[in-house]
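In case you want the letters, here they are:
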Amino acid sequence: MSRIGKRPVTIPSGVTATVQGQTVKMKGPKGELSFVVHDDVEVKFENGQVKVAPRHETNRAQALYGTARAQVANLVLGVTKGFEKKLEINGVGYRAALQGKNLQLALGYSHDVIYPIPQGITIAVPKPTEITITGNDSQRVGQVAAEIRSYRPPEPYKGKGVKYADEFIFRKEGKKK
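Below you will find a few notes about this structure. (Residues numbered from 1 in each chain as written. Predicted model: local features only at pLDDT ≥ 70, side-chain atom pairs only at ≥ 80, totals over all residues. Heavy atoms only, no water.)

**Here we look at the overall build of the protein**
A tally of regular secondary structure across the protein gives 3 helices and 13 strands. For a compact globule of 177 residues, the expected C-alpha radius of gyration is about 16 Å, and the protein comes in at 21 Å, more than 25% above that figure. Seen through its principal axes, the protein has C-alpha atoms that stretch 65 × 40 × 25 Å. Burial statistics for the protein: of 177 residues in total, 33% are counted as buried. Within the protein, contacts between residues at least 6 apart in sequence are counted, and of these 49% link residues at least 24 apart. As displayed, the protein offers around 10,900 Å² of accessible surface, 50% of which is attributable to carbon and sulfur atoms. Here the protein holds 28 positive side-chain charges and 16 negative ones, and the gap between their average locations is 5 Å. (Helix = DSSP H or I, 4+ residues; strand = E, 2+ residues; numbered from the N terminus. Rg over C-alpha atoms; globule rule 2.2 N^0.38 Å. Buried < 20%, exposed > 50% of the residue type's maximum accessible area, 1.4 Å probe, protein only. Contact = heavy atoms within 4.5 Å. Areas by Shrake-Rupley, 256 points an atom, 1.4 Å probe, with all protein chains shown as cover. Lys, Arg positive; Asp, Glu negative; His and termini not counted. Charge placed at Lys NZ, Arg CZ, Asp CG, Glu CD.)

Here it is, written out as structure tokens:
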């Protein structure tokens with residue numbers, strides 16, 4: 001049994017939640033989000049709380065209902081506070097800049113990498129070596145951060161590349177002379 005799935009998700013004031021069949025919709029100050037729960041999981045909205053339970057006693061239902069509860073909790077967090085990921089750019093000449101609705105990255109290639117900013121995501125560049133990605137959907141914020149990082153992942157010898165702000169890069173020793 002999932003220990004996370006047993007706990008109900010409390011809906012704070014200022015957020016409206018609706019459950020229609022397998023679809024959970026949240027509306028709050030940061031926008032509107034929805035999530036379709038798997039058929040093996042039952043969702044109920046009672047007394048200002050969203051409760052999640054497995055429909056059957058199968059391994060698949062047991063595995064999915066903790067995940068469904070976490071997704072519903074992320075909806076509440078997204079429409080109230082939002083999500084944020086920070087990226088750091090290390091390397092000589094590596095930098096980022098906003099150019100209209102695009103993020104322009106100079107990452108040591110012969111050309112600049114142009115990343116179009118998706119709808120619902122806000123990207124800020126407080127310094128040329130820092131990127132802040134914000135939005136209300138945790139999956140989309142993480143996906144955008146992963147896509148930007150994938151253009152030049154950090155390498156273990158000098159640490160050059162794009163990394164998450166809280167990421168630790170295990171450094172390797174160079175070759176011996």
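Next comes the rest of the write-up.
**Observations regarding the sheet that holds strand β11 (residues 121–124)**
Ordered by their spatial adjacency, 4 strands build an open sheet running β11-β12-β7-β13, and the pairing between neighbours is antiparallel. On the outer flanks of this sheet lie β11 and β13 (161–164), each paired with one strand and no other. Strand-to-strand twist across the sheet, computed as the mean angle between neighbouring axes with direction ignored, equals 25 degrees. Alignment of strand β7 (residues 83–90) against β13, held across 4 bridges, turns out to be antiparallel. (Pairing = 2+ DSSP bridges. Axes fitted to C-alpha atoms, helices over the stretch in contact; angles between N-to-C directions.)

**Details of the sheet that holds strand β9 (residues 102–106)**
Read from one edge of the open sheet, 3 strands run β8-β9-β10, paired in antiparallel fashion. In the strand order of this sheet, the two ends are held by β8 (95–99) and β10 (113–116), each with one partner. Direction aside, the axes of adjacent strands within the sheet are offset by 25 degrees on average. In this structure, β8 lies alongside β9, joined through 5 bridges in antiparallel fashion.

**Concerning unusual backbone geometry**
Glycine aside, residues mostly have negative phi angles, and peptide bonds mostly take the trans form. In this model, N47 sits at a positive phi of 55 degrees, which is unusual for a non-glycine residue. Looking at the element boundaries, N47 is found in the loop between β5 (41–46) and β6 (49–54). In this structure N47 comes out as exposed when scored by relative accessible area, which is 77%.

**What to know about the pattern of salt bridges**
If you walk through the whole model with that rule in mind, you get 7 salt bridges. Of the charged contacts in the structure, one is a salt bridge between K51 and E46, with a shortest N-O distance of 3.7 Å. We note a salt bridge from K163 to E88, for which the minimum N-O separation is 3.3 Å. Highlighted residues: K163 in strand β13 and E88 in strand β7, separated in sequence by 75 residues. (Salt bridge = Lys/Arg side-chain N within 4 Å of Asp/Glu carboxyl O.)

**Here's the deal with helix α2 (residues 59–80)**
Compared with an ideal rise of 1.5 Å per residue, which puts 22 residues at 32 Å, α2 spans 33 Å between its outermost C-alpha atoms and is within 8% of the ideal. Those residues of α2 that sit buried are A61, Q62, Y65, G66, A68, R69, V72, L75, V76, G78 and V79. Positive backbone phi, approximately 90 degrees, marks G82, located one or two places after α2. (Expected span 1.5 Å × (residues − 1).)

**A look at the nonpolar core**
Grouped together as the largest cluster of nonpolar side chains are 19 residues, with contacts concentrated most on I89, L103, L105, I123, I131, I133 and I148. The set of elements that each furnish at least two residues to this core consists of β7, β9, β10, β11, β12 (130–135) and α3 (138–150). If near-sequence neighbours (up to four positions away) are discounted, L105 is found in contact with I89, R95, A96, D112, V113, I131, I148 and Y151. Counting residues in each nonpolar core, the second largest holds 18 residues, with V9, M26, V37 and V79 among its members. (Core = buried A, V, L, I, M, F, W, Y, C linked by side-chain atoms within 4.5 Å.)

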